[in-house]
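Residues per chain are reported as follows:
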Amino acid sequence: MKVLITGVTGFVGSHLAEYLLAKGDEVYGTYRVRSRMDHIQPILSKIHLMECELKDPVSVQQLIEQVKPDRIYHLAAQSFVPTSWNSPQDTMVNNIVGELNLFEAVRKQGLLNCRIQIACSSEEYGMVYPEETPIHEENPLRPLSPYGVSKVAQDLLGYQYHESYGLHIVRTRTFNHEGPRRGEAFVLSNFAKQIGEIEKGLKPPVLHVGNLDAVRDFTDVRDVVRAYTLALDHGTPGEVYNIGTGTTWRIGDALDELLKLTDTKIEVRQDPARMRPSDVMILHCDATRFMSKTGWRPEVPFHKTLQDMLDYWRDRV
Ligand SMILES: C[C@H]1O[C@H](OP(=O)(O)OP(=O)(O)OC[C@H]2O[C@@H](n3cnc4c(=O)[nH]c(N)nc43)[C@H](O)[C@@H]2O)[C@@H](O)[C@@H](O)C1=O
């Protein structure tokens, strides 16, 4: 099968490419001139890399015309929530216009059999009241960041292009995911990197943190990429599915688990610069719909995710 991954050079994209190669798929992936290639270095010779600027409709149309994929995993996005306050317009254009260009290109090529997964997010739920957890797909969307708003738009655009033009689009609202290669800005990867640096004496034994009271549902990235392929194997076109484990961690408690993996004595200190204008306090997933439809279950234990992330950073700092 001919598969296209937008954002193949990224955290999830690189894991997905490895998974699909192992299944025997022919993998195409988009990159931009400034993309870092280190995540996909080991598989560079096995995939077809296509330069594409998703914000440019001409670039996307040429890509789709050339590849004519059977499946598209649309992962490319500006995905860091704090950046979306700094540059909200850039987040909107990257995430919304990029997807719009992709759908238009597929539509204009008449690829009605091409199955498209779009990476939506639990951030769309935003403000969630305690009695609304665990969160199911019918929960109101009350995004609390420009990023969350951009993902609501991506999500609804997916619904609309399915309804209006019959494109085979499956929307996945994935809760937090972590694992080796996770960008250093994201919470657990950031903490793991700081521990690695402290262990090597590269920085004083003080670990800087933001809001430790937020609660998140963490899935390992390797379970997430398996979920994405199942979404296209078995998901109903036009439908939306939550993906997460159903187990939550207070960020402070997850940090304590990470700290148990080091012998170094570390002080934890709050850094006001790491606090957000508004933080989503609880994201607890109800993935019943997705599990019943696809049979997916998370397999990688949280402690393995933490250990693998810490080892990843220990090798790199
Ligand atoms: C599903 C969703 O998941 C991710 O969004 P996120 O939840 O904002 O992820 P994060 O890792 O930046 O923060 C998680 C929580 O941890 C708190 N926190 C405390 N201390 C630090 C800290 O020092 N750094 C960071 N980054 N966060 C901190 C922070 O305030 C927040 O409450 C993205 O993949 C996004 O693309 C996405 O779709």
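Residues numbered from 1 in each chain as written. Predicted model: local features only at pLDDT ≥ 70, side-chain atom pairs only at ≥ 80, totals over all residues. Heavy atoms only, no water.

Under an unreviewed UniProt entry, the chain has the name NAD-dependent epimerase and belongs to Alicyclobacillus ferrooxydans. Turning to the chain, the UniProt record has this under Function (unreviewed entry): "Catalyzes the conversion of GDP-D-mannose to GDP-4-dehydro-6-deoxy-D-mannose." Recorded under Catalytic activity (unreviewed entry), the UniProt text for the chain is reproduced unchanged: "GDP-alpha-D-mannose = GDP-4-dehydro-alpha-D-rhamnose + H2O". (UniProt positions renumbered as here; feature names shortened; annotations may be inferred.)

Visitor: How do you make sense of the pairing of strand β5 (residues 115-121) when you look at a structure like this?
Guide: Consecutive side chains of a regular strand alternate in pointing toward one face of the sheet and then the other. Most of β5 sits inside the fold, with 6 of its 7 residues counted as buried. Across 7 bridges, the pairing between β5 and strand β6 (residues 168-174) is parallel. When the sheet's bridge partners are listed, Arg115 is paired in β6 with His168. On the question of chirality, the crossover connecting β5 to the parallel β6 by way of helix α5 (residues 146-165) is right-handed. (Buried < 20%, exposed > 50% of the residue type's maximum accessible area, 1.4 Å probe, protein only. Helix = DSSP H or I, 4+ residues; strand = E, 2+ residues; numbered from the N terminus. Pairing = 2+ DSSP bridges. Right-handed = clockwise from strand over helix to strand, strands pointing away.)

Visitor: What is the right way to read the UniProt feature "domain: NAD(P)-binding" (unreviewed entry) in the chain from this model?
Guide: Per the UniProt annotation, the sites labelled "domain: NAD(P)-binding" (unreviewed entry) are residues 4-309. Secondary structure over residues 4-309 splits into 40% helix and 17% strand, and the C-alpha atoms at its two ends are 27 Å apart.

Visitor: Can you walk me through the pattern of salt bridges in this structure?
Guide: Enumeration over the complete set of coordinates arrives at 32 salt bridges. Residues Glu104 and Arg107 are paired through a salt bridge, measuring 3.1 Å at the closest nitrogen-oxygen approach. Here Glu104 and its partner Arg107 are both found in helix α4 (residues 88-108), 3 residues apart, which amounts to about one turn of the helix. Owing to a relative accessible area of 15%, Glu104 belongs among the buried residues under this scheme. A relative accessible area of 31% places Arg107 in the partly exposed class. Ionic pairing is found between Asp279 and Arg276, a salt bridge with its closest N-O pair at 3.9 Å. Given the relative accessible area of 21%, Asp279 is considered partly exposed. Linked through salt bridges whose partners overlap, the residues forming this network are Glu123, Arg216, Arg276 and Asp279. (Salt bridge = Lys/Arg side-chain N within 4 Å of Asp/Glu carboxyl O.)

Visitor: Honestly, the packing of helix α6 (residues 187-199) against helix α10 (residues 302-316) in this entry has me stumped. Any pointers?
Guide: For any two helices packed against each other, one specifies the inter-axial angle together with the distance between the axes. Between α6 and α10, the shortest axis-to-axis distance is 8 Å and the interhelical angle comes to 50 degrees. One way to sum up the angle between α6 and α10 is to call them oblique. Our pair here, α6 against α10, has a crossing hand that is right-handed. Contacts between α6 and α10 involve Leu188, Ser189, Ala192, Lys193, Ile195, Gly196 and Glu199 from the former and Phe302, Leu306, Met309, Leu310, Trp313 and Arg314 from the latter. Within the contact of α6 with α10, the residues separate by chemical class into 8 nonpolar, 2 polar and 3 charged. (Axes fitted to C-alpha atoms, helices over the stretch in contact; angles between N-to-C directions. Parallel < 35°, antiparallel > 145°, perpendicular 65-115°, else oblique. Left-handed = near helix turned anticlockwise from the far one by under 90°. Contact = heavy atoms within 4.5 Å. Nonpolar A, V, L, I, M, F, W, Y, C, P; charged D, E, K, R; others polar.)

Visitor: Can you walk me through helix α8 (residues 251-259) in this structure?
Guide: Along an α-helix, residues three or four positions apart point the same way, because every turn accommodates 3.6 residues. Across the 9 residues that make up α8, a large majority, 7, are buried. Turning to α8, its buried residues are Ile251, Gly252, Ala254, Leu255, Glu257, Leu258 and Leu259. In the core, the buried residues of α8 are packed alongside α6, β8 (206-209), β9 (215-216), β12 (249-250), β13 (267-270) and α10.

Visitor: When you look at the site of the ligand in this model, what are you seeing that I'm missing?
Guide: By nearness alone, 24 residues border the ligand, and Ser79, Ser121, Arg274, Arg276 and Asp279 come closest of all. Contacts to the ligand include Arg276, whose side-chain N or O atom sits 2.6 Å from an oxygen atom. Protein contact buries 97% of the 700 Å² of open area that the ligand shows by itself. Split into classes, the residues belonging to the shell around the ligand amount to 11 nonpolar, 7 polar and 6 charged. (Near = heavy atom within 4 Å. Polar contact = N/O pair within 3.5 Å; in protein donor to acceptor, adjacent residues only side chain to side chain. Areas by Shrake-Rupley, 256 points an atom, 1.4 Å probe, with all protein chains shown as cover.)

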